[in-house]
Amino acid sequence: MPKRYWLMKCEPAAYTIDDLARDARTSWEGVRNYQARNFMRDLMQEGDGVLFYASNADPSGVTGLATIAKAGYPDPFAWKKGHKYFDTAGTRDTPAWYMVDVGFVERFPSTVSLETLKATKGLERMMVTQKGSRLSVQPVTKAEYEVVRRLGRGQVRKT
């Protein structure tokens with residue numbers, strides 16, 4: 001299966017690229033959107049590239065790179081009564097919610113802001129740059145991933 005690329009959003013109050021650098025690897029649990037779940041359950045594979053995106057930040061944008069360290073598996077927090085991710089939508093036999101593990105690759109020296117993403121040639125069709133795009137797990141093309149990676153490393157002009 002060919003390598004795929006993703007943008008995964010997380011609010012800094014919950015988890016940051018620095019947290020991932022410290023931990024080296026973490027589970028990406030708590031996704032409760034069916035489209036994002038389907039990406040994690042059906043398409044994400046070990047080794048896929050990830051743009052780590054800080055949402056509701058100042059500025060919001062890509063803060064670094066990660067990799068899918070473990071392909072999709074059932075989210076056990078969905079069955080834990082009292083847990084913030086508890087949901088009656090599925091069972092252990094028929095899970096409704098899935099998660100992946102992500103591993104740290106690199107932290108960018110500065111955030112590649114959403115404003116920069118919107119203004120950069122080659123990223124015009126990137127899902128995160130589209131009005132109303134709120135999905136927390138989004139596919140990106142290899143070309144988009146490479147443009148953002150180069151921006152994050154300061155290897156290309158930002159606009």
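Residues numbered from 1 in each chain as written. Predicted model: local features only at pLDDT ≥ 70, side-chain atom pairs only at ≥ 80, totals over all residues. Heavy atoms only, no water.

Draft legend 1. Representation of the packing of aromatic side chains in the model. Following the criterion strictly, the structure yields four aromatic pairs and no others. Considering the side-chain rings of W28 and F52, the 5.6 Å spacing of their centres and the 85 degrees angle between planes classify their relative orientation as edge-to-face. With a gap of 24 residues between them, W28 in strand β2 (residues 25-28) and F52 in strand β3 (residues 49-54) connect regions that are remote in the sequence. Across the pair, F52 and W28 agree in class, each one buried. (Phe/Tyr/Trp six-rings, centres within 6.5 Å; stacked < 30°, edge-to-face > 60°. Helix = DSSP H or I, 4+ residues; strand = E, 2+ residues; numbered from the N terminus. Buried < 20%, exposed > 50% of the residue type's maximum accessible area, 1.4 Å probe, protein only.)

Draft legend 2. How the structure looks around the nonpolar core. Ranked by internal contacts, the top residues of the largest apolar core, which has 20 residues, are M8, W28, M44, I68, V100 and V137. Setting aside its immediate chain neighbours within four residues, W28 contacts M8, K9, C10, M40, F52, M99, V100, V102 and V137. Residues L7, L51, L117 and V147 belong to the second largest nonpolar core, which totals 17 residues. (Core = buried A, V, L, I, M, F, W, Y, C linked by side-chain atoms within 4.5 Å. Contact = heavy atoms within 4.5 Å.)

Draft legend 3. Inspection of helix α4 (residues 142-152) at higher detail. Judged by how many residues are buried, α4 sits mostly within the fold: eight of eleven residues are covered. Buried within α4 we find E144, Y145, E146, V147, V148, R149, L151 and G152. Directly after α4, the chain includes G154, whose backbone phi takes a positive value near 70 degrees.

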